[in-house]
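# Examination of the molecular architecture
If you want the building blocks of each chain, they are given just below.
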Amino acid sequence: MQLTKQKVGVLGATGTVGQRFILLLAQHPNFKIHKLGASSASVGKVYKDAVKGRWKQVVGIPENIASVPVLECTVENFKDCDIVFSGLDSGPASTIEPAFRKAELRVFSNAKNFRLDEQCPLVVPLANDSHFGILPHQQKAQGLQKGFIVTNANCSTTGIIPPLKALQDAFGSLDKVVVTTLQAVSGAGYPGVSSFDIHDNVVPYISGEEEKIEAETMKMLGSLSSDGTQFQKEPVTVSAQCNRVPVLDGHTECVSLSFKQRPPPSIDQVKEVLRNYTCEAQKLKAHSAPAQAIVVHEEEDRPQPRLDRDHQNGACVHVGRVRKCPVFDVKFVVLSNNVMIGAATSSVMNAEIALAQGYLN
Ligand SMILES: NC(=O)C1=CN([C@@H]2O[C@H](COP(=O)(O)OP(=O)(O)OC[C@H]3O[C@@H](n4cnc5c(N)ncnc54)[C@H](OP(=O)(O)O)[C@@H]3O)[C@@H](O)[C@H]2O)C=CC1
Ligand SMILES: N[C@@H](CC(=O)OP(=O)(O)O)C(=O)O
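Residues numbered from 1 in each chain as written. Chains lettered and ligands numbered in written order. Predicted model: local features only at pLDDT ≥ 70, side-chain atom pairs only at ≥ 80, totals over all residues.

## Re the overall build of the chain
Summing up its helical and strand segments, the chain has 13 helices and 14 strands in all. Computed over C-alpha atoms, the radius of gyration of the chain comes to 20 Å, within 12% of the 21 Å expected from 2.2 N^0.38 for 361 residues, which places it in the range of a compact globule. Referenced to the eigenvectors of the C-alpha coordinate spread, the extents of the chain come out at roughly 60 × 50 × 40 Å. By the burial criterion, 49% of the 361 residues in the chain qualify as buried. Across the chain, contacts joining residues at least 24 apart in sequence account for 73% of those joining residues at least 6 apart. (Helix = DSSP H or I, 4+ residues; strand = E, 2+ residues; numbered from the N terminus. Rg over C-alpha atoms; globule rule 2.2 N^0.38 Å. Buried ≥ 20, exposed ≤ 12 C-beta atoms within 10 Å, placed from the backbone. Contact = placed C-beta atoms within 7 Å.)

## Focus on the domain arrangement of the chain
Domain parsing of the chain yields domain 1 (6-154 + 344-356) and domain 2 (155-337). Centre-to-centre, using C-alpha coordinates, domain 1 lies 24 Å away from domain 2. Facing the 34 residues of domain 1 at the interface are 33 residues of domain 2. Broken down by element, the side of domain 1 that touches domain 2 gets its largest block of residues, seven residues, from helix H13 (residues 340-356). Per-class residue counts for the side of domain 1 that touches domain 2 are 15 nonpolar, twelve polar and seven charged. (Domains from an automatic or database assignment. Nonpolar A, V, L, I, M, F, W, Y, C, P; charged D, E, K, R; others polar.)

## Some words on the site of ligand 1
Near ligand 1 there are 30 residues, and of these Gly12, Gly15, Ser39, Ser42 and Gly189 occur at the shortest range. Where the shell around ligand 1 is concerned, the elements lending two or more residues are helix H1 (16-25), helix H5 (90-102) and H13. Of the residues assigned to the shell around ligand 1, the class counts are 13 nonpolar, 15 polar and two charged. Taken together, domain 1 (6-154 + 344-356) and domain 2 (155-337) each give at least three residues to the shell around ligand 1, which thus spans both. (Near = placed C-beta within 6 Å.)

## Some points on the UniProt feature "active site" (unreviewed entry) in the chain
Residues given the UniProt feature "active site" (unreviewed entry) here are Cys155 and His251. Taking the farthest pair of C-alpha atoms as the criterion, the annotated set spanning 97 residues converges on one region, since that pair is 7.9 Å apart. Tracing the backbone shows Cys155 in helix H7 (residues 155-171). Cys155 gets classed as buried once you count the C-beta atoms within 10 Å, which come to 28. In contact with Cys155, other than residues within four places in its own chain, are Gly187, His251, Asn338, Gly342 and Ala343. Of note, His251 is situated in strand S11 (residues 251-259). In contact with His251, not counting residues within four places along its chain, are Cys155, Ser156, Gly159, Thr181, Gln183, Ala184, Gly187, Ser336, Asn338 and Gly342. (UniProt positions renumbered as here; feature names shortened; annotations may be inferred.)

## Side note on the site of ligand 2
Neighbouring ligand 2 are Asn110, Lys112, Asn154, Cys155, Gln183, Gly187, Ala188, Ile206, Glu209, Lys212 and Asn338. The residue makeup of the shell around ligand 2, split by class, is three nonpolar, five polar and three charged. Viewed by domain, the shell around ligand 2 spans two of them, domain 1 (6-154 + 344-356) and domain 2 (155-337), each represented by three or more residues.

## A word on the UniProt feature "domain: Semialdehyde dehydrogenase NAD-binding" (unreviewed entry) in the chain
Taken from the UniProt record, the annotation "domain: Semialdehyde dehydrogenase NAD-binding" (unreviewed entry) applies to residues 7-135. With 28% helix and 19% strand, residues 7-135 has its two end C-alpha atoms placed 20 Å apart.

Here it is in structure tokens:
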């Protein structure tokens, strides 16, 4: 039986993340693009004209989307959508997303604004979908029947959460996590960092990024109270250092960590746990879920952004160089596609999980 597809709106549809939404949703079994929104610079144009000279994907604009008009991001324009995906800049997201929620719309957001909100789930779909359990509380607290905001994480946080969660589930609480990032230029949107600044260079600062990785990790590794009304942060110490590097897509992260458990697990045990890790999105057979959530590499020079970022349509995370750390217990390298699982794919997979778990009824 063919089920009716959910009508979806995409806010920020013309941007770096928005373009990935278009590609993921143009032919989706559960969702059908119904409305597109962006800034006043794009409003009034059809999609292909709004992104003229700015469509940066290796495939063309899907034919069924090219002539869809781009609208102003108002409740009035989007009120007949079942779901709204937001790839808005954080400035406009701060007012538009809560206004949409208030109008009983379900919002799946990439923006940073509500990630640490006590009523909003912050979910990496390969790891902590149990945090959707806060949604009835959010709706009750906001006096709503259907509307809510679900957020997905910062793109660098997203990469490290699945391996950290896998290790926490298997070996108990982590003690300390140190992460150094090498972040792709697409993380800064388009046109982002100027070519003059990034060519032949590394920029050792990304505004606000280190604080986000530290705080978001504690929320996502934490738990939801049994009555579904409160998040309990995981008391893990996280230290992040963030760098921008001349890579187009794909954030690389060098991670060292220690366990509370003494003695710590062996390197072989760590690898086995990472390799065998499965998540709810896979069990639910969510359309965007990867067959392998964490791909563990044995080659000593992998993962690499150019070679590995598009594996499984960028929906998994890669871990390589798992080895003993002389300072902490274990160290490894993570690679994740920042615009796919780090952004649009996470939002879409979150909506697929929410649909399967009955949160969109
Ligand atoms: N790039 C990445 O790797 C990641 C990004 N994010 C987050 O996702 C969001 C989008 O990022 P990204 O796609 O990179 O950014 P871009 O700058 O590439 O795109 C921003 C989008 O927002 C729209 N927009 C800007 N101002 C307004 C406004 N006042 N009203 C309505 N729409 C507006 C733009 O429309 P127009 O084209 O008309 O100007 C465009 O569609 C941000 O919040 C970002 O922090 C999260 C994780 C990873
Ligand atoms: N700051 C990230 C991308 C991003 O937009 O993050 P956030 O959604 O947390 O603001 C990067 O530069 O790679």
